[in-house]
Amino acid sequence: MKPIIFTLVGSDKPGLISDLAKTVYGMGGNWLGSNFSHMAGHFAGFVQIDLPVEKHQALIELFSQHPDLKMHLLPGLTEPPLAQQSVQIDIMGNDKTGIVQEITQILSQFNLNIVKFDSCLESAPNWGGELFKAKAIITVATDFDLDSLREKLESVANDLMVDIEIQ
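The structure reproduced in this document is the subject of the present report. Remember, it's a predicted structure, so these values are computed and weren't measured experimentally.

The rules behind these values
- Positions within a chain are numbered from 1, following the residues in the order the chain's sequence is written.
- In view of the model being predicted, local features appear only for residues whose pLDDT reaches at least 70, and side-chain atom pairs are presented and counted only at 80 or more, with totals across whole chains, interfaces and linings using the full set of residues.
- With hydrogens and water set aside, each side-chain value is computed from the structure's full complement of heavy atoms.
- When DSSP finds two or more bridges between a pair of strands, those strands are recorded as paired.
- In DSSP terms, a helix is any run of H or I states spanning at least four residues, a strand is any run of E spanning at least two, and both are numbered starting from the N terminus.
- Angles here are taken between N-to-C directions and fall from 0 to 180 degrees, while the axes themselves are lines fitted to C-alpha atoms, restricted in helices to the stretch in contact.
- Here, two residues are considered to be in contact whenever any of their heavy atoms come within 4.5 Å of each other.
- Our angle categories are set so that under 35 degrees counts as roughly parallel, over 145 as roughly antiparallel, 65 to 115 as roughly perpendicular, and the remainder as oblique.
- By convention the crossing between two helices is left-handed if the near helix lies anticlockwise of the far one by an angle smaller than a right angle, and right-handed if it lies clockwise.
- Residues were grouped as follows: Ala, Val, Leu, Ile, Met, Phe, Trp, Tyr, Cys and Pro as nonpolar; Asp, Glu, Lys and Arg as charged; and all remaining residues, including Gly, as polar.
- Any pair of Phe, Tyr and Trp rings, taking the six-membered ring for Trp, is counted once the centres come within 6.5 Å. Such a pair is stacked with planes under 30 degrees apart, edge-to-face with planes over 60 apart, and tilted for the rest.
- The set of buried Ala, Val, Leu, Ile, Met, Phe, Trp, Tyr and Cys residues whose side-chain atoms join them within 4.5 Å is what this entry labels a nonpolar core.
- Here the term buried applies to any residue with accessible area under 20% of the maximum for its type, exposed to any over 50%, and partly exposed to those in between, with areas from a 1.4 Å probe on protein chains only.

Before going further, it helps to spend a moment on the sheet that holds strand β6 (residues 113-124). If you walk across this open sheet you meet the 4 strands as β6-β7-β5-β8, and the pairing is antiparallel. A strand with exactly one partner marks an edge of an open sheet, and here the two such strands are β6 and β8 (161-166). The mean inter-strand angle of the sheet, taken between neighbouring strand axes irrespective of direction, is 15°. As judged from the 11 bridges shared by strand β5 (residues 84-94) and strand β7 (residues 129-141), these two strands associate in the antiparallel manner. Within the sheet, the bridge partner assigned to N94 lies in β7 and is L131. Contacts between helix α3 (residues 99-109) and the sheet are confined to β5, β6 and β7, with β6 contributing the most and set at about 155° to the helix. Sheet contacts for helix α4 (residues 146-154): β5, β7 and β8; angle to β8, the most-contacted strand, approximately 155°.

A separate point is the packing of α3 against α4. In a packed pair of helices, the relevant descriptors are the angle between the two axes and the axis-to-axis distance. In the contact formed by α3 and α4, the axes pass within 10 Å of each other and the chain directions differ by 150°. Considered as vectors, α3 and α4 are oriented roughly antiparallel to each other. The handedness of the crossing between α3 and α4 comes out as right-handed. Residues I103, I106, L107 and Q109 of α3 lie in contact with α4, whose contacting residues are L149, K152 and L153. Looking at side-chain class alone, the contact of α3 with α4 contains 5 nonpolar, 1 polar and 1 charged residues.

Throughout the structure, instances matching the rule amount to 5 aromatic pairs. The structure contains a cluster of three or more aromatic residues connected by ring pairs, namely F6, W31, F36, F43 and F63.

When a protein is soluble and globular, its nonpolar side chains tend to lie buried together. Ranked by internal contacts, the top residues of the largest apolar core, which has 21 residues, are I89, I91, I138 and L149. Those elements that place two or more of their residues in this core are β5, α3, β7, α4 and β8. In terms of residue count, β7 provides more of this core than any other element does, 5 residues in total. L8, L20, F63 and M71 belong to the second-largest nonpolar core, a separate cluster that totals 16 residues.

Overall, antiparallel pairing links the 4 strands, which are arranged β2-β3-β1-β4 in an open sheet. In the strand order of this sheet, the two ends are held by β2 (30-39) and β4 (69-75), each with one partner. Going from strand to strand, the sheet's axes swing by 15° on average, the running direction of each strand aside. Sheet topology places strand β1 (residues 2-10) next to β4; 7 bridges connect them, and they run antiparallel. In the sheet register, I5 faces β4, and the bridge partner there is L74. Helix α1 (residues 16-26) rests against β1, β2, β3 (42-51) and β4 of the sheet, and its axis sits at about 160° to β2. Running over the sheet, helix α2 (residues 56-64) touches β1, β3 and β4 and is turned about 5° from β1.

The next point concerns the environment of P52. Relative to the elements of secondary structure, P52 occurs in the loop between β3 and α2. P52 sits in the buried class, given a relative accessible area of 14%. With 50 residues separating them along the chain, P52 and K2 place their C-alpha atoms 6.0 Å apart. For P52, the contacting residues outside a window of four places in its chain are M1, M27 and G28.

The subject of this paragraph is the pairing of β7. One ladder, built from 11 bridges, connects β6 with β7; its direction is antiparallel. Along β7, the bridge assignment pairs L121 with F132.

Interpretation in functional terms is not warranted from these geometric data alone.
Pasting the structure below:
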């Protein structure tokens with residue numbers, strides 16, 4: 001068994017994920033994790049599976065012919081774990097153009113790896129505008145100064161609330 005990752009985007013219809021899972025199972029694979037969303041009128045997501053190496057090419061060929069989805073498959077990488085810890089960052093504040101760029105640039109300046117990043121806009125009826133919310137999972141060295149990171153992230157905007165928690 002070796003990990004393989006695939007991304008997908010396309011038209012949604014009932015039973016789509018079930019069909020993908022059935023195909024993976026039928027080839028002797030194990031569905032390890034996935035994340036799906038509707039974005040800009042399309043169905044999009046990514047999946048990690050374990051699959052016997054000798055079946056990788058067959059899955060790639062089968063999925064490349066899918067009638068409703070465009071898919072991209074890559075072999076997974078196995079790297080030894082580093083002496084790091086996971087940290088969750090929750091951010092909330094008034095939306096502004098470029099906020100994701102500013103936040104991710106700060107993470108990059110600290111040389112931090114983003115493991116997961118989810119963001120959305122929600123209506124803020126009390127303020128009459130859009131409320132930006134994001135959750136990032138990052139990895140940091142065990143001796144990393146989280147207070148410096150919090151201060152830098154909060155400097156993006158006066159109203160930005162940043163909560164950092166070690167996982």
